[in-house]
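Notes for the structure review
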Amino acid sequence: MVITPCFYASAQNRRDKNPVTYEELYDEPYAINKLFVQFQPLYGELYVSNVNAGFGMEATYFLKDQMSFRAHARLTYMQRFDLMRDLAEKNSDVSNVPDVLNYYEFGATYHIKDFEESSSTKMFLYKKSYRGNRWAARVPLNAEIPCKVRKIYGARLGGIIFDTSVDINRSLEAQDKTFADLASDDQGTLLDAIPTDELGDFAVYSGQDVAGVYVGGSISWIKNVAVDFDNKYAEGVDDLIFTAFLDIIVAPQVAVDDIRYNGVDYSADDLDTSIFGIRAGIDGKFNRTLSWGYGGEVGVRPGLQGRGFYALVKISFPVYSTNLDYSVEAFGK
C-alpha cells in the first residue's frame, strides 16, 4: 500500500462548498482480482422469437495481463417466464414437445494492447451524519480526483449454444409463407391436413437449436483507486471494471424441429434461417471481494429469419472475487 502526501480536491460549486484534502491510499489499476464469480438472480430478454426472464451464473478469469476467460449460463425461472414454451404448452395444435430455453456461452479475450493512462474520477463526499432522509434530501458534493486508468483493447473468440421454443405461425408470416410450405415426403402439405374450419386458429409451435461461434473486439476501462478524505468524510473508492464489446456471430448449426401432426412429420426445411448474427454490449463489475455487477446486450441472433432481434439486461448479485493467492510470506528468526 502506498501513502502519498495530502492533496487538495475541489468540490462542485455550491454555497456551502469548502476545499477538502485527501491522502491517496492506492492507485493500482493492474492490482485487480483474478477470478470473479457472479450469480445473476435476474435477467430479462426481449427476444422476438421468445420473450423470457430468469437467472444465470457467470465466471471471469484474468490470466496475468495477457488474456481473460469468461463462461456464462442462464435459465428461465419457470414455464410462465419462458413465453413461447408457455404458449406452446397451452395452445399448440401439433404434437411437438416444447423446448425449454437454455443458453450457454464460453470464450476468451486476448489483450492486444494493455496500457495505463492518466485520468480522473469523481467521488461523492459522504458523512455518516447524512444517513436516511438527510442524504436523500440533499444534492451531494463531489470531488474530482486524479487517478490512473488501465485500458485494454481485446480480440474476442468464443462459442454460443442455445435452444428455445418458437412460433411457426409468426415465422411463416414474417417470411411471407404459409402451411403449404411445410410438406411431408409422402403425405402432402400441412395445409392439406388441417381441417378447413380450424385453419384460422391452428397454432403451430416447434423447437430451434443453435450452435455457433462469435468473434469480435472489446475495450475495457479499469480504475482501482482509493483516497482518505479529511473533514470526517468517508473514504472514496473507484474500482470499476467496465467493458464494451462488439461481436459477429456465425452459427453453422441452425436447426428447426419438423412439425408433427396426426402422426406425420412435416419438414421445416423450407423455413428460411440465417447463420449470421451481430451484437453489441456492456459489462460492469467492481474489484471487491463481495459486490454487484450489471450487463446488457442488443443485437440479432442466428436462427429463423425475421425473428432474431433481441435486447437483454442482467443484474449480478452477489459478485464474489478473489486473487487466488493464499500464501503468506514467512521469515526465519
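Residues numbered from 1 in each chain as written. Predicted model: local features only at pLDDT ≥ 70, side-chain atom pairs only at ≥ 80, totals over all residues. Heavy atoms only, no water.

**Describing the overall build of the protein**
For clarity, the threshold we go by: Only DSSP runs of H or I covering at least 4 residues are called helices, and only runs of E covering at least 2 are called strands; the numbering of each starts at the N terminus. Exposure categories follow from relative accessible area, calculated using a 1.4 Å probe and restricted to protein chains: below 20% of the type maximum is buried, above 50% is exposed, and the middle band is partly exposed. In this analysis, two residues are considered to be in contact whenever any of their non-hydrogen atoms come within 4.5 Å of each other. Surface exposure here means Shrake-Rupley accessible area, sampled with a 1.4 Å probe, where a residue is shielded only by the protein chains that are shown.
Each helix and strand in the protein was counted, giving 4 helices and 18 strands. Residues counted as buried form 45% of the 333 residues belonging to the protein. In the protein, the share of contacts with a sequence separation of at least 24, taken over all contacts with a separation of at least 6, comes to 73%. Split by element, the accessible area of the protein, about 17,500 Å² in all, is 56% carbon and sulfur.

**Examining the environment of Phe202**
For Phe202, the location among the structural elements is in the loop between helix 4 (190–193) and strand 8 (205–222). With 109 residues separating them in the primary sequence, Phe202 and Asp93 have C-alpha atoms 6.3 Å apart.

**Brief notes about the nonpolar core**
Threshold: In this text, buried Ala, Val, Leu, Ile, Met, Phe, Trp, Tyr and Cys residues form a nonpolar core when linked through side-chain atoms within 4.5 Å.
Within the largest apolar cluster, 18 residues are counted, with the highest numbers of intra-cluster contacts made by Ile168, Phe179, Leu182, Leu190, Val204, Ile259 and Leu271. Other than its neighbours up to four places away in sequence, Leu271 contacts Ile168, Ser171, Leu172, Gln175, Lys177, Leu182, Val256 and Leu304. Listed in part, the 13 residues of the second largest apolar core include Leu101, Ile160, Val210 and Tyr310.

**Considerations on the packing of aromatic side chains**
Filter applied, for reference: Ring pairs shown here join Phe, Tyr and Trp side chains whose ring centres sit within 6.5 Å, with only the six-membered ring taken for Trp; geometry is labelled stacked below 30 degrees between planes, edge-to-face above 60, and tilted in between.
Using the criterion set out here, one finds 11 aromatic pairs in the structure. Between Tyr22 and Phe229, the ring centres sit 6.2 Å apart and the planes meet at 65 degrees, which makes this aromatic pair edge-to-face. Of this pair, Tyr22 sits in strand 2 (residues 20–27) while Phe229 sits in strand 9 (residues 225–229), and the two are 207 residues apart along the sequence. Of the two residues, Tyr22 and Phe229, both sit in the buried class. For the pair Phe36 and Phe62, a centre-to-centre distance of 6.1 Å together with 75 degrees between the ring planes defines the contact as edge-to-face. One end of the pair, Phe36, is in strand 3 (residues 35–47); the other, Phe62, is in strand 4 (residues 52–63), and 26 residues separate them in sequence.

**Here we look at helix 1 (residues 83–91)**
Every buried residue of helix 1 is accounted for by Met84, Arg85, Asp86 and Ala88. Summarising the contacts, the buried residues of helix 1 are in contact with strand 7 (142–167) and strand 8.

**Examining a negative patch on the surface**
Applied cut-off: Patch membership requires more than 30% relative accessible area and the absence of a salt bridge. Residues of like charge join within 9 Å; the nonpolar side chains Val, Leu, Ile, Met, Phe, Trp and Tyr join within 5 Å. Within this document, salt bridges are pairs made up of a side-chain nitrogen of Lys or Arg and a carboxyl oxygen of Asp or Glu, the two lying within 4 Å of each other. In this tally Asp and Glu are treated as negative and Lys and Arg as positive; neither His nor the chain ends contributes. A single reference atom marks each charge: NZ on Lys, CZ on Arg, CG on Asp, CD on Glu.
A contiguous patch of negative charge, built from Asp93, Asp197, Glu198 and Asp201, is present on the exposed surface. Within the fold, Asp93 resides in the loop between helix 1 and strand 6 (102–124).

**A few points about the pattern of salt bridges**
Two side chains that carry opposite charge are able to pair once their charged atoms sit near each other. Considering all chains together, one arrives at 17 salt bridges under this definition. Here Asp114 makes a salt bridge to Arg150, at a shortest N to O gap of 2.7 Å. One end of the pair, Asp114, is in strand 6; the other, Arg150, is in strand 7, with 36 residues separating them in the sequence. Assessed through its relative accessible area of 1%, Arg150 is described here as buried. Ionic pairing is found between Arg288 and Asp239, a salt bridge with its closest N-O pair at 2.8 Å. You can see Arg288 sitting in the loop between strand 15 (276–286) and strand 16 (290–300) and its partner Asp239 sitting in the loop between strand 10 (236–238) and strand 11 (240–256), a full 49 residues away along the chain. The exposure class assigned to Arg288 is partly exposed, which follows from its relative accessible area of 35%. Salt bridges sharing partners connect three or more residues here, namely Glu58, Arg70, Glu105, Arg156, Asp247, Arg279, Glu297 and Lys314.

**Section: the environment of Lys177**
Mapped onto the elements, Lys177 comes out in the loop between helix 3 (168–174) and helix 4. Between the C-alpha atoms of Lys177 and Leu271, which are 94 residues apart in sequence, the distance is 8.3 Å. Beyond its immediate stretch of four places on either side in the chain, Lys177 contacts Leu172, Asp270, Leu271 and Asp272.

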